[in-house]
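These are the residues of each chain, in order.
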4 protein chains.
Amino acid sequence: MKYDIKDIKLAKKGALRIEWARNNMPVLKLIFERFKKERPLKNLKIACCLHVTTETAALMEALKAGGATVALCASNPLSTQDDVAASLAAHLGILVFSVKGEDTKRYYRHIESALAMKPEITMDDGADLVSTIHRRSQTLHGNIIGGTEETTTGVIRLKALAKEGKLRYPIIAVNDAQTKHLFDNRYGTGQSTIDGIIRATNKLLAGATVVVCGYGWCGRGVAMRAKGMGAKVIVSEVDPLRALEATMDGYRVMPINEAARQGEVFVTVTGDTHIIRGRHFVSMKDGAIIANAGHFNVELDIPALEKLSRGKKRIRDFVDEYILKDGRKIYLLGEGRLINLASAEGHPAQVMDMSFANQALSAEYLAKMHRTLGRKVYGVPEAIDKNIARLKLKSMGIKIDTLTKEQRNYLSSWELGT
Amino acid sequence: MKYDIKDIKLAKKGALRIEWARNNMPVLKLIFERFKKERPLKNLKIACCLHVTTETAALMEALKAGGATVALCASNPLSTQDDVAASLAAHLGILVFSVKGEDTKRYYRHIESALAMKPEITMDDGADLVSTIHRRSQTLHGNIIGGTEETTTGVIRLKALAKEGKLRYPIIAVNDAQTKHLFDNRYGTGQSTIDGIIRATNKLLAGATVVVCGYGWCGRGVAMRAKGMGAKVIVSEVDPLRALEATMDGYRVMPINEAARQGEVFVTVTGDTHIIRGRHFVSMKDGAIIANAGHFNVELDIPALEKLSRGKKRIRDFVDEYILKDGRKIYLLGEGRLINLASAEGHPAQVMDMSFANQALSAEYLAKMHRTLGRKVYGVPEAIDKNIARLKLKSMGIKIDTLTKEQRNYLSSWELGT
Amino acid sequence: MKYDIKDIKLAKKGALRIEWARNNMPVLKLIFERFKKERPLKNLKIACCLHVTTETAALMEALKAGGATVALCASNPLSTQDDVAASLAAHLGILVFSVKGEDTKRYYRHIESALAMKPEITMDDGADLVSTIHRRSQTLHGNIIGGTEETTTGVIRLKALAKEGKLRYPIIAVNDAQTKHLFDNRYGTGQSTIDGIIRATNKLLAGATVVVCGYGWCGRGVAMRAKGMGAKVIVSEVDPLRALEATMDGYRVMPINEAARQGEVFVTVTGDTHIIRGRHFVSMKDGAIIANAGHFNVELDIPALEKLSRGKKRIRDFVDEYILKDGRKIYLLGEGRLINLASAEGHPAQVMDMSFANQALSAEYLAKMHRTLGRKVYGVPEAIDKNIARLKLKSMGIKIDTLTKEQRNYLSSWELGT
Amino acid sequence: MKYDIKDIKLAKKGALRIEWARNNMPVLKLIFERFKKERPLKNLKIACCLHVTTETAALMEALKAGGATVALCASNPLSTQDDVAASLAAHLGILVFSVKGEDTKRYYRHIESALAMKPEITMDDGADLVSTIHRRSQTLHGNIIGGTEETTTGVIRLKALAKEGKLRYPIIAVNDAQTKHLFDNRYGTGQSTIDGIIRATNKLLAGATVVVCGYGWCGRGVAMRAKGMGAKVIVSEVDPLRALEATMDGYRVMPINEAARQGEVFVTVTGDTHIIRGRHFVSMKDGAIIANAGHFNVELDIPALEKLSRGKKRIRDFVDEYILKDGRKIYLLGEGRLINLASAEGHPAQVMDMSFANQALSAEYLAKMHRTLGRKVYGVPEAIDKNIARLKLKSMGIKIDTLTKEQRNYLSSWELGT
């Protein structure tokens, strides 16, 4: 099977939109051009489980230019852009298995379809490929030389796996690159989550109380942008250091139990499960809006909400109205899936540029270095990371200083005094 | 003719979305309920030229509840939500003449269709009804008792008309109400313009240079929100006081001629014409994005851009790529029309709540008081304005202080000393 | 008596500090130079009741250069900079009557001393000269041709006086100039109030809850800067429109009664009396800090605080520790007087530049036009106001746009369409 | 010699101000109380080279309570608060050697005086004790069991020393604790640097262009607060990752050479040397203000400025006016020493609370564990760090969430799916 997508006729529209993304990804473009010359991924099969968006398409182009054969399935049932899937299948010969809104069964079948190519490298966003592989017999995938992982959530899972000694091949934690998590998680998730909430609801954020659960890099991005739109932001956290930072950044910090009574809009972005649950739903104000920007749709306890409700209707695209037994209404956005992909377009190309430059260069690194690596989770090599930052600044026309010789000496000396 | 709309079958979807807006417009809801009892608009015909959105639908409901017969045409060819138009025609019996994307000829024919009802009251957003009426013989509309006007742009035009002694009936400048322009223009235009730009482009605003032309209430809303998204904002202005305020608010202020060379995203929001013109386009960076958030599509000199270009294509919905003769590209959003309505949904219901409360109460005021009014442009009576603010706070669950007797005395005294 | 000041030997230090202020007041400098040539205040005696600061000194120089004889007393017992008073007396021959920390009796005696010159013009900051004059027989001051008033507080008092028909001569409300209240009240009071609080306490504002009473121009300046320092800001208001604005600007709004329980730092800036009173003090947290940035020291009900306390000590300069009967402590800053003058240096020269340009040009206007003016409170003529804005921008090296002919036409036309 | 201070009679004033600081350091207070009971520092001599401020006094009290004998000298010639020095000598029996404004010779003599006690532990802020010790014969200080270091600058020097294999005893890098550098460097330096600049100049920051050199934790604190005061902020950096972050945080980023021409206020905060030098001074605007917030006064090349100038005068406390040969003036604040200590009071007690809790607990840790430590630079143990965060939140009355059992399981699992 070459592909399983919505409609191959959407390819032309997809191609235009991919052009738009590509124009906004100058770092990846430089890599694309080098890969085309050097072919570092020649003879490799790469299976990717990523959000099927215009930016991912630009990464697919780079991998292809590097010489790889590529299969792609979705890392989230709601995040596929069907026109992009069509263009990748029609114009680039990628094996695409992904349809927006596919059910769980088809979602997992698509993962199988991608793995059917017997990849040497896996590229994950949430560890679904790796998890699937690790549930099977080891002999099935003996040819894998390594993998990459895009998200915090996935990295947490993989480190758990490695800790138990069960990880079968080396993984590069792309998420740990500074040019990834400092930018994608903070500025990308920040903007696109707010974008997703506004597209879904057209709610005025100025003057509204927004509760952000989790103050990691993603959470502080969301909090910062909600504040930037004029919202009154409350943060809930479990880590005392992050809670202190949130406080000193000017946010009110309180347990979710207390925040539940005060918020108008709630966003979970923790990487953990059941952050907002039954006891919180029952204390919410009439009209409360709940959304998730964490990787999996378990951060909101939707089964509990279903149980508490006497009715439910879709009142707008991506907005489900739940009517509690006492008549209060709670609005769930995007079925609790990543709101920035469900109702918006995911991270802007400008941040994905760096994240996917890390992916492409990590794949190249695995191709070259896999023999030197153990069954562990590795960071992206610092040289790759800094180089991406330098290329990005250059593409933005921004110049920075360099240390003078005197300054370099000063930093490595201990004798220069007061 | 009862209506001229895209498709009456969209009515059901429209009705759900209108319910969403209505839920978010608590002040208008109170007025709706009072109007239903008191019927202050009984026997009146009202012609409205407004953006045909879910919020406008809630206003239509209130006018209808007040006893009026209502016709509605669009105040902008791109801002109509076709499902809303369908629902208004199908469920509420409004005479709707409006199709998203209609050409200029049909646009003006729709204005004629609305005026065919021989209204007693006109309700304008940009003065198109009033302008049309004033181009005709006076005898055709001798029954008009007054009108209301929603925008700055319209009020400027009407005051010009009144100054020349040519205004034929009293106008209430709804825009001048504090509960309108302080909120709708600033927080509404601010959020929805950023929303429109992001929906059209998915551009990362963090780190981007955004040029805002005009620092009136709308302009400062746009600047504030762009800054809130992490952009570096430049303001251009003609008024020295506003330019000073922009400076002290932390923005760089410079003439558009200079800003043209530095910006990545440009937004005009001045109420005037040809703010960005040929000489500015030619000095822009490759990839510059231009958008308009002012009422009319004359703020960007699009004919000049056409002339400077050797090619043009629609690369995404609402994004036209113009290729200049030297190969640089400029991206025009939403054909230069109000970007917050073209690619987004216009002001959030929460601000339109107050703007349209002013419209409804101004219509009631005209009905009662028109005999006492001259052929002038009037403000909204202060009592109406303050009352709307009070109702709004109440609906948000916010309590404020009241002056003690001692405090009232103190304010009216001149003898209490240092 | 030529002067009554702390110590004439402080003159040299004062002169240097005045030079610093003068360097930062480019608009006033231009006026100074024109006045020196044109001598528009020749033969006039001007009595000034202003904060005796370096910036006021620069204004005194301009008045003197214009040909006036000038007397100066303080408009607040704590705001005098003794070195400035010394320099004005020693180097410029101003009749100065002002000592930092003077008691109420001496304060009023100093007002008398200033009025002893029999001024033709009064220049007030809080209306103390005008009030004193109006308490006396009219014959004593028959030669007065007009006055100016600097503050909101004073203008409120004078309008009350005018309303009762008791105002004896025309007053220019300098505060109403846009180049005054939009800048001085907002950016000047904002920065200097935060400065005053930090100097007095060295309190970390990041993460602290700051309550701002009043959301006029001064209040929003204070709120904006407190937020800019990382504080969580609560606003209390009596005006529903301002309360709504504060809400949409992202602040929590609540009655002072409720805010009293939550705040760590309180600032009153209302122009009214007893904003924070006994019932509020008793509900405050241990360690609460209270300060006033409004003109008079009546906004905090200090007598009530005294009554509630079992002890009191000065724990730092400008910080009095009150020990309530249950052991909780409340810290009163600067004895409840204008905190930005008590523990800091008042408005920065850069804003006073515009405020005092308005004062100087208003004095000139009174000299020329007083025969055409009635016993009313007048605004600063718009031409003066705009001109000051233009000069200020120029001094900052900021250029702005001017309307093209086409744009001017467009604004005055009503026929140009959609 | 028991002490060498300005004036022992200042002790009473110092004691009151120390009380104020102590009240604002609740975490240190808890440690003080435990130390008093447990006496973990019994029989130890500790030499401290720290800024002699009210907050340091509270740390001295805790060390003393723990059973230590303590000597204290200044870590910067301008940062001593003479009343605090007096109180420590008079009331607490600390061996204090420190006078505000002491010259370099006396400064180093004071370091000698402190070391004369033959300490077992050194406590540094800038590594001056360690440096002095390492310049001497090893036999002189054979009894030292360990040291602590407060700043980034010091840690850089000590790591250089350790790298060369020359470090003679273990050092705890207090600066590396998250409860130190994430708070003290960012929020503490941020607020107090702005405070220092405003106290020195009373300059309006709204609308001013402020150049921040260095975007480490301190630099981003300064940039954030300057922006919060309404300034237009430019950042210069050498690290591409930090430069990108600054860009996406909304600042303009450019080399200092270019920024030199645009800035009005410059702050260096890099930990390196000669950041702003001759070639930059000559291109600055007339009236430019330069200040340093980095540890040593080498960040501004003051000798170069002296050479470029034809004259110099002190125009205000902490403001030296340099007149360049072409008549332009540059204003140097606080002689280029740490501006937040020179003209303000250093970090607020609320942040020093955590920094000094780390110092006290690190001293205790050295006392207990020194036998297990090598001649290396160690971080603060994570358990100490987290515990301090928890105590701090508690003291602020802020509650946070804890993970449910289900959530803990989820985080350590890799099998739970999409």
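## A closer look at the overall build of chain A
Of the regular secondary structure elements, chain A holds 17 helices and 16 strands. Taking 22 Å as the expected radius of gyration for a compact globule of 418 residues, we find that chain A reaches 22 Å, a close match to that expectation. Judged by the C-alpha coordinates and their principal axes, chain A covers about 70 × 65 × 45 Å. In chain A, buried positions account for 68% of the 418 residues. Intrachain contacts of chain A at a sequence separation of at least 6 include 72% that bridge at least 24 residues. Carbon and sulfur atoms form 51% of the exposed surface of chain A, whose accessible area is close to 13,900 Å². Charged side chains in chain A number 62 positive and 46 negative. The centres of these two groups are separated by 2 Å.

## So, the packing of helix H8 (residues 178-201) of chain A against helix H15 (residues 349-369) of chain A
Residue and element names in this part refer to chain A. The interhelical angle for the contact between H8 and H15, taken along N-to-C directions, is 150°, at an axis separation of 9 Å. It follows from the interaxial angle that H8 and H15 lie roughly antiparallel. Here H8 runs over H15; the crossing is left-handed. Note on element contacts: H15 touches H8 through Val351, Met352, Met354, Ser355 and Asn358, opposite Thr179, Lys180, Phe183, Asp184, Tyr187 and Gly188. For the contact of H8 with H15, the class distribution of residues is five nonpolar, four polar and two charged.

## Comments concerning the pairing of strand E2 (residues 45-50) of chain B
Side chains on a regular strand alternate between the two faces of the sheet. Residue and element names in this part refer to chain B. Counting buried positions along E2 gives five out of six residues, so the element sits mostly inside the fold. When E2 meets strand E3 (residues 69-74), the two strands line up parallel, connected through six bridges. Paired with Lys45 across the two strands is Thr69, which belongs to E3. The parallel pair E2 and E3 is bridged by helix H3 (residues 54-65), and the resulting crossover is right-handed. One ladder, built from four bridges, connects E2 with strand E5 (residues 121-124); its direction is parallel. By the bridge assignment for E5, Cys49 is matched with Asp124.

## Examining helix H2 (residues 26-38) of chain C
All names here are of chain C. End to end, H2 covers 19 Å across 13 residues, agreeing with the expected 18 Å (1.5 Å per residue, within 8%). Taken together, the buried positions of H2 are occupied by Val27, Leu28, Ile31 and Phe35. With its buried residues spanning 90° around the axis, H2 presents them on a single face. Exposed side of H2, more than 90 degrees from the buried face: Lys36 and Lys37 are the residues found there. Residues of H2 that are buried sit in contact with helix H3 (54-65), helix H15 (349-369) and helix H16 (382-395).

## Brief notes about the sheet that holds strand E1 (residues 3-4) of chain B
All names here are of chain B. Within the open sheet, the eight strands sit side by side as E1-E4-E3-E2-E5-E6-E7-E16. Their pairing is parallel. Two strands lie at the open edges of the sheet, namely E1 and strand E16 (377-379), each paired on one side alone. Relative to the sheet, H3 contacts E2, E3 and E5, its axis offset from that of E2 by approximately 175°.

## Here we look at the packing of aromatic side chains
Residue and element names in this part refer to chain A. With the rule as written, the count across this model stands at 16 aromatic pairs over all chains. A ring pair is formed by Tyr215 and Tyr251, whose centres lie 5.9 Å apart and whose planes are at 70°; its orientation type is edge-to-face. Of this pair, Tyr215 sits in the loop between strand E8 (209-213) and helix H9 (217-228) while Tyr251 sits in the loop between helix H10 (240-248) and strand E10 (252-253), and the two are 36 residues apart along the sequence. Like Tyr215, the residue Tyr251 is buried in the burial classification. Lying over the aromatic face of Trp217, Arg220 brings its terminal NZ or CZ to 5.1 Å of the ring centre.

## Some remarks on the interface of chain D and chain A
Every contact between the two is made by 72 residues of chain D and, on the other side, 72 residues of chain A. Summing both sides of the interface, chain D and chain A together bury roughly 6,500 Å²; the carbon and sulfur share of this comes to 62%. Remark: the boundary between chain D and chain A carries four salt bridges. Glu245 of chain D is paired through a salt bridge with Arg186 of chain A; the nearest N and O atoms lie 2.6 Å apart. Where chain D touches chain A, the interface holds 18 residue pairs in polar contact (both at pLDDT 80 or more). Listing elements by their share of the side of chain D that touches chain A, those giving two or more residues are helix H5 (104-115), helix H6 (128-135), helix H7 (152-163), helix H8 (178-201), helix H10 (240-248), helix H16 (382-395) and helix H17 (405-411) of chain D. Per-element accounting of the side of chain D that touches chain A gives the leading share, seven residues, to H10 of chain D. Across the side of chain D that touches chain A, the residue classes tally to 33 nonpolar, 17 polar and 22 charged.

## A short note on the relation of the copies chain D and chain C
Taken as rigid bodies, chain D and chain C are interconverted by a rotation of 180° and an axial shift of 0.0 Å, the fit giving an RMSD of 0.0 Å. This pairing of chains is accounted for by a two-fold axis. Across chain D, the smallest distance between a C-alpha and the rotation axis is recorded for Gly228 of chain D, namely 1.8 Å. Of the interface residues in chain D, 100% have counterparts in chain C that sit at the interface too, so the contact is made through matching surfaces.

## Section: the confidence of the model for chain A
Interpretation of this model should avoid reading the predicted coordinates in detail wherever pLDDT is low. Of all residues in chain A, 99% have pLDDT values of 70 or greater, and the mean over the chain is 95. Scoring the predicted complex yields pTM 0.93 and, for the interface, ipTM 0.91.

## Description of the relation of the copies chain D and chain A
Once chain D is rotated about the relating axis by 180° and shifted along it by 0.0 Å, it coincides with chain A to within an RMSD of 0.0 Å. An overlap of 100% is found between the interface residues of chain D and their copies at the interface of chain A, pointing to a shared contact surface.

## Describing the interface of chain D and chain C
With 43 residues of chain D at the interface, the matching set in chain C holds 44 residues. Here chain D and chain C share an interface that buries about 3,700 Å² over both sides, 53% of which is from carbon and sulfur atoms. Among the residues of chain D in contact with chain C, Trp20, Asn202 and Leu204 of chain D are the three that bury the most area, contributing 21% of the side total. Connecting chain D to chain C are six salt bridges. One salt bridge connects Asp317 of chain D with Lys13 of chain C, and the closest N-O pair in it is separated by 3.9 Å. Our count for the chain D to chain C interface comes out at 18 residue pairs in polar contact (both at pLDDT 80 or more).

## Describing helix H9 (residues 217-228) of chain D
All names here are of chain D. For H9, spanning 12 residues, the distance from its first C-alpha to its last is 16 Å, which sits close to the expected 16 Å at 1.5 Å a residue. Most of H9 sits inside the fold, with nine of its 12 residues counted as buried. If you check which residues of H9 are buried, you get Cys218, Gly219, Arg220, Gly221, Val222, Ala223, Arg225, Ala226 and Gly228. Positive phi shows up at Gly230, right after H9, with a value of about 95°.

## Some points on the state of the cysteines
Residue and element names in this part refer to chain C. Evaluation of the coordinates by the stated rule reveals zero disulfides over all chains. The closest cysteine sulfur to the non-disulfide-bonded Cys48 is located on Cys73, 8.4 Å from its own sulfur. Free cysteine: Cys49, not disulfide-bonded; nearest cysteine sulfur from Cys73 at 3.9 Å.

## Focus on the domain arrangement of chain A
All names here are of chain A. According to the domain assignment, chain A consists of domain 1 (3-180 + 347-395) and domain 2 (189-342). Centre-to-centre separation of domain 1 and domain 2, based on C-alpha positions: 29 Å. Listed as interface residues are 16 residues of domain 1 and, on the opposing side, 14 residues of domain 2. In total, about 1,200 Å² of surface goes out of reach between domain 1 and domain 2, with carbon and sulfur atoms giving 62% of it. Between the two partners, domain 1 and domain 2, sit zero salt bridges. Our count for the contact surface shared by domain 1 and domain 2 stands at three residue pairs in polar contact (both at pLDDT 80 or more). Grouping the constituent residues of the side of domain 1 that touches domain 2 by class yields three nonpolar, nine polar and four charged.

## A closer look at the sheet that holds strand E1 (residues 3-4) of chain D
All names here are of chain D. Ordered in space as E1-E4-E3-E2-E5-E6-E7-E16, the eight strands form an open sheet in which the pairing is parallel. Since the sheet does not close on itself, it has two edges, and those belong to E1 and strand E16 (377-379), each with one partner. As defined by bridge partners, strand E6 (residues 146-149) adjoins strand E7 (residues 171-173) across three bridges and the pair is classed as parallel. Residue pairing across strands places Glu149 opposite Ala173, the latter belonging to E7. Strand contacts of H5: E1, strand E2 (45-50), strand E3 (69-74) and strand E4 (95-97), with the helix running at about 170° to E3, the strand carrying the most contacts. On the sheet, H6 packs against E2, E3, strand E5 (121-124) and E7 and is oriented at approximately 130° with respect to E5.

What counts, and where the lines are drawn
- Residues numbered from 1 in each chain as written.
- Chains lettered and ligands numbered in written order.
- Predicted model: local features only at pLDDT ≥ 70, side-chain atom pairs only at ≥ 80, totals over all residues.
- Heavy atoms only, no water.
- Helix = DSSP H or I, 4+ residues; strand = E, 2+ residues; numbered from the N terminus.
- Rg over C-alpha atoms; globule rule 2.2 N^0.38 Å.
- Buried < 20%, exposed > 50% of the residue type's maximum accessible area, 1.4 Å probe, protein only.
- Contact = heavy atoms within 4.5 Å.
- Areas by Shrake-Rupley, 256 points an atom, 1.4 Å probe, with all protein chains shown as cover.
- Lys, Arg positive; Asp, Glu negative; His and termini not counted.
- Charge placed at Lys NZ, Arg CZ, Asp CG, Glu CD.
- Axes fitted to C-alpha atoms, helices over the stretch in contact; angles between N-to-C directions.
- Parallel < 35°, antiparallel > 145°, perpendicular 65-115°, else oblique.
- Left-handed = near helix turned anticlockwise from the far one by under 90°.
- Nonpolar A, V, L, I, M, F, W, Y, C, P; charged D, E, K, R; others polar.
- Pairing = 2+ DSSP bridges.
- Right-handed = clockwise from strand over helix to strand, strands pointing away.
- Expected span 1.5 Å × (residues − 1).
- Arc of directions from axis to C-beta.
- Phe/Tyr/Trp six-rings, centres within 6.5 Å; stacked < 30°, edge-to-face > 60°.
- Lys NZ or Arg CZ within 6 Å of the ring centre and 35° of its normal.
- Buried area = accessible area lost by both parts, 1.4 Å probe.
- Salt bridge = Lys/Arg side-chain N within 4 Å of Asp/Glu carboxyl O.
- Polar contact = N/O pair within 3.5 Å; in protein donor to acceptor, adjacent residues only side chain to side chain.
- Least-squares fit on C-alpha atoms with pLDDT ≥ 70 in both.
- pLDDT = per-residue confidence, 0-100.
- Disulfide = S-S within 2.5 Å.
- Domains from an automatic or database assignment.

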